[in-house]
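Residue-level structural notes
Single-letter residue listing:
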Amino acid sequence: MNGYKVRNIELKRFYVPGQIYFITTISEIRRKIFIDEENIGILLETFQMYREKYRFKLIAYVILPDHFHFMIIPSKEINISKIMKGIKGSSARNINRSKGWKNSIWQHQFLDHIIRKGDDYKKHIEYIHNNPIKHQLADSNSIQKYKWSSYRNYFLDDDSVFKVDIVPL
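Presented here is an overview of the structure given in this document. (Residues numbered from 1 in each chain as written. Predicted model: local features only at pLDDT ≥ 70, side-chain atom pairs only at ≥ 80, totals over all residues. Heavy atoms only, no water.)

Further remarks concern the packing of aromatic side chains. For the structure on display, the rule yields eleven aromatic pairs. Measuring from centroid to centroid gives 5.0 Å for Phe47 and Phe68, while their planes differ by 70°, and the two rings are edge-to-face. Taken together, the residues Phe47 in helix H1 (residues 37-54) and Phe68 in strand E3 (residues 67-73) connect sequence positions 21 residues apart. Seen from their ring centres, Tyr50 and Tyr54 are 5.5 Å apart, and the 45° between their planes marks the pair as tilted. One end of the pair, Tyr50, and the other, Tyr54, are both in helix H1, four residues apart, so they sit about a helical turn from each other. (Phe/Tyr/Trp six-rings, centres within 6.5 Å; stacked < 30°, edge-to-face > 60°. Helix = DSSP H or I, 4+ residues; strand = E, 2+ residues; numbered from the N terminus.)

Moving on, we get to unusual backbone geometry. Phi at Arg30 takes a positive value of approximately 55°, unusual for a residue other than glycine. Note on placement: Arg30 falls in the loop between strand E1 (21-26) and H1. Judged by relative accessible area, Arg30 falls into the partly exposed class, the value being 41%. Here Arg55, not a glycine, exhibits a phi torsion of approximately 50°, which is positive. As for its placement among the helices and strands, Arg55 is situated in the loop between H1 and strand E2 (57-64). (Buried < 20%, exposed > 50% of the residue type's maximum accessible area, 1.4 Å probe, protein only.)

Once that is clear, we can look at the pattern of salt bridges. For the structure on display, the rule yields ten salt bridges. The partner of Arg13 in a salt bridge is Asp112, and the shortest N-O contact between them spans 2.2 Å. One end of the pair, Arg13, is in the segment before E1; the other, Asp112, is in strand E4 (residues 111-114), with 99 residues separating them in the sequence. Judged by its relative accessible area of 27%, Asp112 is partly exposed. One salt bridge connects Arg152 with Asp158, and the closest N-O pair in it is separated by 2.7 Å. Of the residues examined, Asp158 reaches a relative accessible area of 18% and is grouped as buried. Through salt bridges that share partners, Asp36, Glu38 and Lys99 make up one connected network. (Salt bridge = Lys/Arg side-chain N within 4 Å of Asp/Glu carboxyl O.)

Attention now moves to the pairing of E2. Consecutive side chains of a regular strand alternate in pointing toward one face of the sheet and then the other. Across the eight residues of E2, seven count as buried, placing the element largely inside the fold. Relative to E3, E2 runs antiparallel, the two being bridged by seven bridges. Bridge pairing in E3 places Tyr61 opposite Phe70. From the end of E2 to the start of E3, which pair antiparallel, there are two residues. (Pairing = 2+ DSSP bridges.)

This next bit is on the environment of Ile26. As for its placement among the helices and strands, Ile26 is situated in strand E1. Remark: the alpha-carbon pair of Ile26 and Ile83, spanning 57 residues in sequence, is separated by 15 Å. If we skip the residues at most four places from it in the chain, Ile26 touches Asp66, His67, Trp106 and Gln107. (Contact = heavy atoms within 4.5 Å.)

Take it as geometry only, folks, not as evidence of what the structure does.
Shown next as structure tokens:
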């Protein structure tokens, strides 16, 4: 890509089995790949495929036009790097195949945060659910209409888009 420098900085990860992780990953050059419902569907199918394959709990999520956030509890055998490699690689291949593209879909790295206590858990769930408001995709009066978030699972008891593993703390 002309004029765009790619930095491959390897972040050191701290893996703690059984912990809840808040994870963010962003599309390459923040392309708005996920304004397309077909691409969102591919990403959700990929979440489910790897959730079954690697047996992790997916607690909350939001998909925005150029990134997603989710909270997961990995199984003891599989770490977050392996989960993210699978999700990002598979979703990129399937989106590219579906669109006839040969693009980089995701930035090289992802960000993670270990949830430390009950307040931190609540803060990150609220952050995920309010993210469409932050990015002006919904307002506080219409947040329940934003389909691509676990808000609907938590507050409307609606698993029709994607079923999450609600974990009370």
